[in-house]
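Chain by chain, the residues run as shown.
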Amino acid sequence: MPKGPGNKSCHNVRTDCTAPGLRQAVLDNLYYVSGNTPVTASAQDWYDAVAYCVRDRMLKAWNEGIERITKALDLRAVAYLSAEFLIGPQLGSNVLALGIAEPLREALATLGQDLDAIVDGEHEPGLGNGGLGRLAACYMDSMATLGVPAIGYGIHYEFGMFTQTIRDGWQVEMADKWLRQGFPWEIVQHEFAVEVGLGGSTETFLDAGGRLRVRWNPEKRILAVPHDIPVIGYGGTFCNVLRLWSAEAVDAFDFGSFSSGDYGKAVEEKILSETISKVLYPNDEPYQGKVLRLGQQYFFVSASLRDMLRVQQMLGKPLDTFHTTFAIQLNDTHPAVAVAELMRLLVDGHGMEWERAWAVTTKCFSYTNHTLLPEALEKWPVELFGGLLPRHLEIIYEINRRFLEEVRAAYPGDEGLAARLSLIDEASPRSVRMAHLAVVGSHAVNGVAALHTELLKTHVMQDFAALTPQKFCNVTNGVTPRRFLALCNPRLAACITSRIGPAWINRFEEEIGKLEAFADDPGFQAQWRGIKRENKAALSALAEKHLGVALNPDAVFDVQVKRVHEYKRQHLNILRVIALYSAIKRDPGAEFSPLAVLFGGKAAPGYFMAKRVIKLIHNVAQVINGDPDVGGRLTVAYIPNFNVRVGQVVYPAADISQQISLAGKEASGTGNMKFGINGAVTMGTLDGANVEMRQCVGEENFFLFGLTAPEVVEVKRNGYDPRAYAATDPVLGQALDMIASGAFSAGDREIFRPIVDNLLYQDEYMVLADFASYMHCQALVMEACRDTARFTRMSILNVARLGKFSSDRSIRDYCRDIWNITPELG
Ligand code: B1H
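The rules behind these values
- Residues numbered from 1 in each chain as written.
- Predicted model: local features only at pLDDT ≥ 70, side-chain atom pairs only at ≥ 80, totals over all residues.
- Heavy atoms only, no water.
- UniProt positions renumbered as here; feature names shortened; annotations may be inferred.
- pLDDT = per-residue confidence, 0-100.
- Contact = heavy atoms within 4.5 Å.
- Helix = DSSP H or I, 4+ residues; strand = E, 2+ residues; numbered from the N terminus.
- Expected span 1.5 Å × (residues − 1).
- Buried < 20%, exposed > 50% of the residue type's maximum accessible area, 1.4 Å probe, protein only.
- Near = heavy atom within 4 Å.
- Polar contact = N/O pair within 3.5 Å; in protein donor to acceptor, adjacent residues only side chain to side chain.
- Areas by Shrake-Rupley, 256 points an atom, 1.4 Å probe, with all protein chains shown as cover.
- Domains from an automatic or database assignment.
- Pairing = 2+ DSSP bridges.
- Axes fitted to C-alpha atoms, helices over the stretch in contact; angles between N-to-C directions.
- Buried area = accessible area lost by both parts, 1.4 Å probe.
- Nonpolar A, V, L, I, M, F, W, Y, C, P; charged D, E, K, R; others polar.
- Left-handed = near helix turned anticlockwise from the far one by under 90°.

Named according to an unreviewed UniProt entry, the chain is Alpha-1,4 glucan phosphorylase originating from Desulfolutivibrio sulfodismutans. Its UniProt record gives the chain the following Function (unreviewed entry) comment, quoted word for word: "Allosteric enzyme that catalyzes the rate-limiting step in glycogen catabolism, the phosphorolytic cleavage of glycogen to produce glucose-1-phosphate, and plays a central role in maintaining cellular and organismal glucose homeostasis." Recorded in UniProt for the chain, the comment headed Sequence similarities (unreviewed entry) runs: "Belongs to the glycogen phosphorylase family."

Here it is in structure tokens:
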């Protein structure tokens, strides 16, 4: 009899949560899953063994969750449709939810393993671009924690967001093959695979009852295979599922071609089919009208709706009560084709009358808008759309015909209004306006911050808001305090718990305010500062290791991490850095408290200007960090490959959070909240959720600068001339001159000319207009930082007063105002 760890296995090796039980479970997995012993196991083997051990302990709640949705007749579940779910590393958050960190840590220690190292080694699935995808993941976390039955539906991209490396200051993209080592958290459910059609044509026919019906004959079919990832709520009792569809060929390969010797053709179809879920489009905001992207959208939407209809039928419920089973949330317009697809499934597929189908459809759907940027609003050329989805185009025309009939009845003679509201943009090339389809097909439309919703109602969707004001509402974004405080900042979490108890973790809005009582307590303040310093030291160690840049943990850490985009104005930040550098150079002996300015974020691979801004930041960093006059008082670093994992190290280490978009451009922002609940004070404009954050923390605890949204409109209307600002502000003029003259490019005057010229002659995002105000604000920040007690108080109050920005509050808002669902817990 061989001596394997499995021999000592006990019957509850998959559920036991004591240290000895967990130890045995890990050893069993090592032995039976990976074919290893502690002697031969690699780091990956240990990770897998621990991950499967943790997953086992989620399966009770998981199976109960599936039963809940598929058994209860009177239950309404959320179907959250999103092309992105940026879920981040899974091991740490699942351990936290189950509450087994301590016994697991102990168990692993007896095996010579460190839980934290195993958690830190996880490679995250990068199935999203940025804020929008991460929001979807925070909402999944909150729904599970609050006990809101939900299924997240999305795409199982083979390649997620690219890995960013930096070569000579330039961003270089590398493919992210996140599945290379397997992904222990997912369960593939082949039995629920569905076929999705694409292309082809439509035909009419008379059905048995003599009714004229339409049939779509797709040119090709693709198999959608669900990969299920459990999403367990804090406390470990309630579990939802994230169901991601992966594309496969309906038939593995064509035997006809194979037999006749055409091996290439035999596998061609398979390869073509699989391209649908091959790669995530890495363009945050400006959408690209690529047919493959529309294919992706339709692919996951169709599979998801058919999955929901399967549940409806399994429950034995009639189709015209479909909306009582599912509240379907459209995360931006990426899944908006769902409106047409549900109509097709009900009308063509099940012979439902148009009016009844439309009533069901509009009661199901609600739509979240995430952007005001005109270039980000999805519009598909009619020809492209009809080529891929001929029946859906017909259905959209019919929806539009009926809708415009109502518009004309309400506003007779106003053809301008009808044209503005139409689902079809008649300008060449004619195109389908996805946002209009989403609004018309939904009973509720929400923006993601108060200002954003207001601007939606008064500008971008003015006509719709006038027509159906009752549809519009606001749900301000939130972030999960589990991942973005309890998990990522264990020192601060323990400190908070020591004062107000642990209830803040799942009752953040109700509990975190209790911290305010300690804001001026010198002992608490000292502890608070000590923790921030330790977090900064941890980030410094990482920067030292990966970048070779030494960051002084006693410096003020001033951080801007987010996607690189002109409207987010990383270039405004670097102009500020250059101005500070010039000030030091002018008077090297003057007092200057140490400041570390950190950047991080990816640029879309085709975004010329954003990539050049990354290069500029690197070049400025090189000059400043190497200048003996500066003597380490000002340090600049670019943290490569910013993602959820890196964020979890960065947010806890920040003193100052840069949220400096041009007012009216950032829909909400969520990084602002992640920084804030970790005690960073915001330096920001009145944009997105900054506005509400400032209201909550108090204006004395927020560093405000810049034009307001109405002022932006006003200045532009009067003819904005950026050169006038450069000419009259010597600090700004000099900073721009330094870049232009090659001070950061070894004399090369060409490399950054596109940036400088753009700022001087266009400056769409009004960097120059806000510069003076930003510099003035910077002086106030530096003054505040010198007063340690005052700054620590600001930091504590930021945490204590940001309870509203928990995604639990957002989900309660959705439940109450949009979904009509009562959370089962909390
Ligand atoms: C946001 C996007 C987005 N808004 C298109 N829009 C994409 C648009 O791949 N695409 O085609 C990807 C992403 N992302 C962000 O959403 C907003 O800019 C943030 O302000 C907001 O906080 C976030 C969540 O609401």
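Following the structure, the description resumes.
In this section: the confidence of the model for the chain. With 99% of its residues at a pLDDT of 70 or more, the chain has an overall mean of 96. This model gives residues 1–10 a pLDDT under 50, and the stretch forms 13 contacts once residues within four places in sequence are excluded.

Looking now at helix α2 (residues 43–56). Taking 1.5 Å of rise per residue, 14 residues should cover 20 Å, and α2 covers 20 Å from first to last C-alpha, within 8% of that figure. In terms of burial, α2 is largely enclosed, as 11 of its 14 residues are buried. Asp45, Trp46, Tyr47, Asp48, Ala49, Val50, Ala51, Cys53, Val54, Arg55 and Asp56 are the residues of α2 that are buried. Next to the buried residues of α2 lie α1 (19–32), α3 (59–71), α4 (91–98), α5 (101–109), α6 (115–120) and β5 (187–188).

Among the 20 residues in the neighbourhood of the ligand, the closest are listed as Glu285, His370, Asn477, Glu666 and Gly669. Within the side chain of Arg293, an N or O atom sits 3.1 Å from an oxygen atom of the ligand. Measuring from an oxygen atom of the ligand, one finds a side-chain N or O atom of Asn477 at 2.8 Å. With the chains in place, 97% of the 530 Å² that the ligand exposes on its own is no longer accessible. No other element matches helix α7 (residues 131–146), which puts 3 residues into the shell around the ligand. A domain split of the shell around the ligand shows at least three residues from each of domain 2 (64–89 + 124–477 + 812–819) and domain 3 (481–805).

What follows is about the sheet that holds strand β20 (residues 634–639). Strands belonging to one sheet form pairs held by backbone hydrogen bonds; the direction of such a pair is parallel or antiparallel. Overall, parallel pairing links the 6 strands, which are arranged β20-β19-β18-β21-β22-β23 in an open sheet. Edge positions in the sheet fall to β20 and β23 (703–704), since each has one partner strand and no second. Bridging between strand β21 (residues 656–659) and strand β22 (residues 681–684) involves 4 bridges; their strand directions are parallel. Bridging from a neighbouring strand, Gln658 pairs with Met683 of β22. Contacting β18 (556–561), β19 (595–600), β20, β21 and β22, helix α24 (residues 570–586) runs over the sheet at an angle of about 155° to β19.

Now for unusual backbone geometry. With omega at -5°, the peptide bond leading from Ser428 into Pro429 counts as cis. You can see Pro429 is positioned in the loop between β14 (424–425) and β15 (431–433). The phi dihedral of Asp332 falls on the positive side, at around 70°, and the residue is not glycine. Within the fold, Asp332 resides in the loop between β11 (326–331) and α12 (338–349). You will see that Arg569, though not glycine, has its phi angle at about 65°, which is positive. For Arg569, a relative accessible area of 0% translates into the label buried.

A few words on the domain arrangement of the chain. For the chain, the assigned domains are domain 1 (1–57 + 95–123), domain 2 (64–89 + 124–477 + 812–819) and domain 3 (481–805). The distance between the C-alpha centroids of domain 1 and domain 3 comes to 40 Å. Each partner contributes residues to the interface: domain 1 has 4 residues there, and domain 3 has 4 residues. Of all residues in domain 1, the largest losses of buried area upon contact with domain 3 belong to Leu96, Asp120 and Glu122, amounting jointly to 95% of the total for that side. At the junction of domain 1 with domain 3, the criterion picks out 1 residue pair in polar contact (both at pLDDT 80 or more). Looking at side-chain class alone, the side of domain 1 that touches domain 3 contains 1 nonpolar, 1 polar and 2 charged residues.

Right, let's get into the packing of α2 against α4. Helix-helix packing is characterised by the crossing angle of the two axes and by the distance between the axes. At their nearest, the axes of α2 and α4 sit 10 Å apart, and the two run at 35° to each other. By crossing handedness, the relation of α2 to α4 is classed as left-handed. Two secondary-structure elements touch here, α2 through Tyr47, Val50, Ala51 and Val54 and α4 through Leu91, Asn94, Val95 and Leu98.

The next subject is the pairing of strand β9 (residues 220–232). Burial runs high along β9: 11 of the 13 residues are buried. As defined by bridge partners, β5 adjoins β9 across 2 bridges and the pair is classed as antiparallel. Counted as the bridge partner of Val188 is His227 from β9. In this structure, β9 lies alongside strand β10 (residues 239–249), joined through 11 bridges in antiparallel fashion. Bridge assignment links Val231 to a residue of β10, and that residue is Asn240.

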